[in-house]
Amino acid sequence: RSSKKGRMGTVDELEQWNALSLGYPDQRGSASLRAEIAAQYRTISAHEVNVLAPQEGIYLAMRALLQQGDHVVATVPAYQSLIEVARSVGCKLSEWRPRWMSA
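**Quick look at the pairing of strand β3 (residues 71–75)**
Part 1 of the argument: Where burial is concerned, the two faces of β3 differ: the one with Val72 and Ala74 is buried and the one with His71, Val73 and Thr75 is not.
Part 2 of the argument: Direction of pairing for β3 relative to strand β4 (residues 92–96): parallel, over a ladder of five bridges. Bridge pairing in β4 links Ala74 to Glu95.
Part 3 of the argument: For the crossover that starts at β3, traverses helix α4 (residues 80–89) and ends in the parallel β4, the hand is right-handed.

See the structure below:
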C-alpha cells in the first residue's frame, strides 16, 4: 500500500498531505519526523526528540549555557538571535567575519 505510486506520491504520502492542518503543530515537531530521527539512535525514543528551527535552538542553547560576563564570539552575518540573546544575558560580544567576507 505505501509503496504504490500515484500521480502525487504514495497512498500514505497522499493521506499525510490530506491530514495536514493549518492549526498549531505539535511544539516538539511532527511525530513522524521525531520517530525517524529517534530510529537513527539506539538509546532514545521519539518522545525524547525535539525538532527546532535554527533560531529556536540557538535561543534555547544560549539561555541554558550563557551567564552574565561570558565572552561570546559570533560569526557575522548571523541569525539576529545569536547576537541579541548574548547581549540580553549580559555577555561580552565579539563579532568575527571570515576572511573571505572581508575581501
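**Overview of unusual backbone geometry**
Part 1 of the argument: A cis amide bond links Val76 with the next residue in sequence, Pro77, at an omega value of 0 degrees.
Part 2 of the argument: Following the sequence through the fold, Pro77 ends up in the loop between β3 and α4.

**Overview of the environment of Tyr79**
Part 1 of the argument: One can find Tyr79 in the loop between β3 and α4.
Part 2 of the argument: For the pair Tyr79 and Ile58, spaced 21 residues apart in the sequence, the C-alpha separation amounts to 8.7 Å.
Part 3 of the argument: When near neighbours in sequence (up to four residues on either side) are disregarded, Tyr79 contacts Pro54, Gln55 and Ile58.

**What to know about the nonpolar core**
Part 1 of the argument: Formed by Ile58, Met62, Leu66, Val72, Val85, Ala86, Val89 and Cys91, the largest nonpolar core amounts to eight residues.
Part 2 of the argument: Those elements that provide at least two residues to this core are α3 (54–65) and α4.
Part 3 of the argument: Take this core: its biggest share by element is three residues, from α4.
Part 4 of the argument: Apart from residues lying up to four places away in sequence, Val72 is in contact with Met62, Leu66, Ala86, Cys91, Lys92, Leu93 and Ser94.

Rules used throughout
- Residues numbered from 1 in each chain as written.
- Predicted model: local features only at pLDDT ≥ 70, side-chain atom pairs only at ≥ 80, totals over all residues.
- Heavy atoms only, no water.
- Buried < 20%, exposed > 50% of the residue type's maximum accessible area, 1.4 Å probe, protein only.
- Helix = DSSP H or I, 4+ residues; strand = E, 2+ residues; numbered from the N terminus.
- Pairing = 2+ DSSP bridges.
- Right-handed = clockwise from strand over helix to strand, strands pointing away.
- Contact = heavy atoms within 4.5 Å.
- Core = buried A, V, L, I, M, F, W, Y, C linked by side-chain atoms within 4.5 Å.

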